[in-house]
Amino acid sequence: MKKTLKILALVLSLCMVIGCFAACDNTADDETLTDGNVVSDGNVVSDGNVVSDGNVATEGNVSDGNATAGDAADDVALDYSDIKVGFIFLHAPTDSTYDKNFMNAVEEVQANLGLSDDQVIVMSDIAESEACYEAAMDLVDQGCNIVFGDSFGHEDYLIQAALECQDVQFCHATGDSALAEDIPNFHNAFAHIYEGRYVAGIVAGMKLNEMIENGEFTAEEAKMGYVGAFPYAEVISGYTSFYLGAKSVCPSVTMEVRYTNSWFDIDAERTSAIALIESGCKLISQHADSEGAPKACEEYGIPNVAYNVNTINMGPTTALISSKINWAPYMTYMIDCVVKGEAIDTDWCGGFNTGSVELTELNTAVAAEGTQEAIDAAIEAFKNGELHVYDTATFTYNGEALADDFQADVVPDAAYTADTDVVVDGYFAESTFRSAPYFSIIIDGITAVVEG
């Protein structure tokens, strides 16, 4: 389906070279494309090597020679009072913690850049369907210079719109196709959230240790539960990093995962959390977008690590902390690029150093003693490049260490074909060869992965 949509979109764009220009002025000029060197997070990237958060990841493909944007190719600068930005959200921010996190970033950027309300248009409850394409075109018709989509399934429809409206920049969070598609005005962005989840895992592991020391259960019974949305690489990467963080301080820990097969389903997330608790899990975390799991944990008295938002208000006696992506740095960056007539990176990834990865307030009433100090030390180690989540010496896969020539599916295709060597200097180099995660293996210790 994904490839078919892209082919149809390309055919449609070619057919509309003459007719569509009345709505979308095509000003991109192939002769103005740069030599493939990218400036990302203030660091120059060249010859296919990626510099992200100040740390060099060798032989990466995130820049891959296609960092220019349609407007940027003409070096046409605007004033901030002229810019108009449209946002497409999968759910209403009032319902979904995921979309609320994006809305918080929009409000922060609007305030910081002094944008008026009529310069920012938000469209919510936009399904991963033709509705996304229609919303994107509506935003273009309303004069938006940038259209931003927040959900993985929006990607094909944003690409369709980008092909038709090459003078508008289309930026997509969590997508994986920008490098492969090579469309000058279409861009992907993500963050090294797996590092944030690793730190949250340290918080969880320290809480397990405290509970073991208090005699609540034995070290052998230290099992965590995880409510995941889908068995996608993004989710697998996230819960693996969380598990490895916990394992770094609680070596005996194991973890069971249940998928809800939905990004947002309050009842399914609650049901999955309860099932995990009843199966013996002593602590619950999640990669799903509702309050279902945190509230279930509070009801059952089980410690919880959440995602995107601070959940202390809904779980004062059980909530520990949440990891989150702060999208404000990227949103500011993309707006600045358009205003200044500069290129938007084809594929961008931020981390702790850019302020793109954060931890919410630690609930000190629930957390183990010394947890804040451990958080601070881990974050500093990530910033300095001293800590790597997927160090192959810290986990096994099917009973063996990950081979140095292990490959992952980096270039998207329907068969999820492994195509790229991803082990660099003894660690799996996540979000280096593209921003979207591609760690998709189930490592030892996560032994009871079941679909809910």
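Residues numbered from 1 in each chain as written. Predicted model: local features only at pLDDT ≥ 70, side-chain atom pairs only at ≥ 80, totals over all residues. Heavy atoms only, no water.

## Considering the overall build of the protein chain
- Along the protein chain, the regular secondary structure elements total 11 helices and 21 strands.
- Across the protein chain, the fraction of contacts at a sequence separation of at least 24, relative to all contacts at a separation of at least 6, is 68%.
- Entry remark: accessible area of the protein chain is about 17,300 Å², with carbon and sulfur atoms responsible for 49%. (Helix = DSSP H or I, 4+ residues; strand = E, 2+ residues; numbered from the N terminus. Contact = heavy atoms within 4.5 Å. Areas by Shrake-Rupley, 256 points an atom, 1.4 Å probe, with all protein chains shown as cover.)

## With respect to the pairing of strand S10 (residues 223-228)
- Within S10, 6 of the 6 residues are buried, leaving the element largely enclosed by the surrounding structure.
- Residues of S10 alternate between two faces, with Lys223, Gly225 and Val227 on one and Met224, Tyr226 and Gly228 on the opposite face, all of them buried.
- As defined by bridge partners, S10 adjoins strand S11 (residues 254-259) across 6 bridges and the pair is classed as parallel. Residue glycine 228 lies in a different strand from S11, and its bridge partner there is tyrosine 259.
- With 5 bridges connecting them, S10 and strand S12 (residues 283-287) associate as parallel partners. (Buried < 20%, exposed > 50% of the residue type's maximum accessible area, 1.4 Å probe, protein only. Pairing = 2+ DSSP bridges.)

## What about the packing of aromatic side chains?
- All told, the structure shown has 28 aromatic pairs when counted by the stated rule.
- Judged by centre distance (5.9 Å) and plane angle (55°), the ring pair of tyrosine 226 and phenylalanine 242 falls under tilted. With tyrosine 226 in strand S10 and phenylalanine 242 in helix H7 (residues 233-247), the pair connects residues that are 16 residues apart, well separated along the chain. Pair check on accessibility: tyrosine 226 and phenylalanine 242 agree, each one buried.
- On the numbers, 5.9 Å between centres and 45° between planes, the contact of tyrosine 330 with tyrosine 333 is tilted. A residue pair is termed a helical-turn pair when its members lie 3 or 4 positions apart in one helix, as tyrosine 330 and tyrosine 333 do in helix H10 (residues 328-340) at 3 residues.
- Joined through ring pairs, the aromatic side chains of Phe87, Phe89, Tyr98, Phe102, Phe148, Trp327, Tyr330, Tyr333 and Trp348 make up one cluster.
- Its guanidinium or amino end placed over the ring of tyrosine 307, arginine 197 lies 3.9 Å from that ring's centre, counting from NZ or CZ. (Phe/Tyr/Trp six-rings, centres within 6.5 Å; stacked < 30°, edge-to-face > 60°. Lys NZ or Arg CZ within 6 Å of the ring centre and 35° of its normal.)

## Remarks on a negative patch on the surface
- On the surface, Glu369, Glu373, Asp376, Glu380 and Glu386 cluster together into a negatively charged patch.
- Mapping glutamate 369 onto the fold places it in the loop between strand S16 (357-359) and helix H11 (371-383). (Patch = residues over 30% accessible without salt bridge, like charges linked within 9 Å, V, L, I, M, F, W, Y side chains within 5 Å. Salt bridge = Lys/Arg side-chain N within 4 Å of Asp/Glu carboxyl O. Lys, Arg positive; Asp, Glu negative; His and termini not counted. Charge placed at Lys NZ, Arg CZ, Asp CG, Glu CD.)

## Quick word on the environment of alanine 296
- Within the secondary structure, alanine 296 is located in helix H9 (residues 292-300).
- For alanine 296, a relative accessible area of 0% puts it in the buried group.
- Along the chain, alanine 296 and threonine 271 lie 25 residues apart, while their C-alpha atoms are 8.3 Å from each other.
- Contact partners of alanine 296, with chain neighbours within four places excluded, come to Arg270, Ala273 and Ile274.

## A few points about H11
- Helix length check: H11, at 13 residues, gives a terminal C-alpha distance of 19 Å against a target of 18 Å (1.5 Å per residue), a fit within 8%.
- Residues of H11 that are buried: Thr371, Ile375, Ala378, Ile379, Ala381 and Phe382. Looking down the long axis of H11, one finds its buried residues gathered within 160° of arc, a one-sided arrangement. (Expected span 1.5 Å × (residues − 1). Arc of directions from axis to C-beta.)

## Considering the side chain of serine 151
- Relative to the elements of secondary structure, serine 151 occurs in the loop between strand S7 (146-149) and helix H4 (155-164).
- Serine 151 sits in the buried class, given a relative accessible area of 3%.
- Within the structure, the side chain of serine 151 is placed 2.6 Å from the side chain of glutamate 128, a separation counted as a polar contact.
- Not counting residues up to four positions away in its chain, the partners in contact with serine 151 are Leu90, Tyr98, Glu128, His172, Ala173 and Thr174. (Polar contact = N/O pair within 3.5 Å; in protein donor to acceptor, adjacent residues only side chain to side chain.)

## Examining the pairing of strand S6 (residues 120-123)
- As paired strands, strand S5 (residues 85-88) and S6 are joined by 4 bridges and run parallel to one another. Looking at the pairing, glycine 86 lines up with isoleucine 121 of S6.
- A crossover links S5 with its parallel partner S6, the connecting element being helix H2 (residues 97-113), and its sense is right-handed. (Right-handed = clockwise from strand over helix to strand, strands pointing away.)

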